[in-house]
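Coordinate inspection notes
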Amino acid sequence: ELKTRPPRQLVILSGDRQWAEGVATEALAQWRTRYPDLHSFTIDNIRLDKPPQAEWMGQELDVVVLHFGQPNFLDFFGAACGALRGGGVLVLCSPSSADW
């Protein structure tokens, strides 16, 4: 079964937020075409102050897209790592290094 899933990876998209969102959206669309049973979650809602437990508890996600600008980033990062299944992909969207 692992051969039918994307390899475990950490992908960092560093640059303009709109660009990073576009790249992440395109990658998810391509992965969904290749892996129709792909379970993914994108965390980009700045109004959330804690991870959405109802959507994550007991879930195994193949792909998680997380933005560094998310409030309480470390809480979301921990939850994302806990929900990411073996062989999954964690996509971190980061500002460019000049903006840090």
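Computed from a predicted structure; not experimentally measured.

Topic: the overall build of the protein chain
The secondary structure content of the protein chain amounts to three helices and four strands. The order of helices and strands in the protein chain, counted from the N terminus, is β-α-β-α-β-α-β. A burial count over the protein chain gives 37% of its 100 residues as buried. Of all intrachain contacts in the protein chain linking residues separated by at least 6 positions in sequence, the fraction that spans at least 24 positions is 64%.

Some thoughts on the confidence of the model for the protein chain
Across the protein chain, the average pLDDT comes to 78, with 77% of residues at or above 70. When the elements of the protein chain are averaged for pLDDT, helix H2 (residues 53-56) gives the smallest value, 63, and strand E1 (residues 9-14) the largest, 88.

Re the pairing of strand E4 (residues 84-94)
A large share of E4 lies buried, amounting to ten of its eleven residues. As paired strands, E1 and E4 are joined by six bridges and run parallel to one another. In the sheet register, Gln9 faces E4, and the bridge partner there is Val89. Bridging between strand E3 (residues 61-67) and E4 involves six bridges; their strand directions are parallel. Paired with Leu66 across the bridge in E4 is Leu92.

Quick word on the environment of Pro95
Inspection of the secondary structure puts Pro95 in the segment after E4. On a C-alpha basis, the gap between Pro95 and His67 in space is 8.9 Å, while along the polypeptide they are 28 residues apart. Those residues in contact with Pro95, other than ones at most four positions away along the chain, are Ser14, Gly15, Phe68 and Trp100.

Some points on the pattern of salt bridges
Tallied over the full model, the rule gives three salt bridges. Close ionic contact of Asp62 with Arg85 constitutes a salt bridge, the shortest N to O distance being 3.0 Å. Taken together, the residues Asp62 in strand E3 and Arg85 in strand E4 connect sequence positions 23 residues apart. Here Asp62 falls in the buried class, since its relative accessible area comes to 2%. One network of salt bridges, with partners in common, ties together Glu60, Asp62 and Arg85.

Observations regarding the side chain of Ser94
Structurally, Ser94 is set in strand E4. By relative accessible area, which is 7% here, Ser94 ends up buried. Once residues within four sequence positions are removed from consideration, Ser94 is found in contact with Ile12, Leu13, Ser14, Gly15, Phe68 and Trp100.

Thresholds, definitions, all that
Residues numbered from 1 in each chain as written. Predicted model: local features only at pLDDT ≥ 70, side-chain atom pairs only at ≥ 80, totals over all residues. Heavy atoms only, no water. Helix = DSSP H or I, 4+ residues; strand = E, 2+ residues; numbered from the N terminus. Buried < 20%, exposed > 50% of the residue type's maximum accessible area, 1.4 Å probe, protein only. Contact = heavy atoms within 4.5 Å. pLDDT = per-residue confidence, 0-100. Pairing = 2+ DSSP bridges. Salt bridge = Lys/Arg side-chain N within 4 Å of Asp/Glu carboxyl O.

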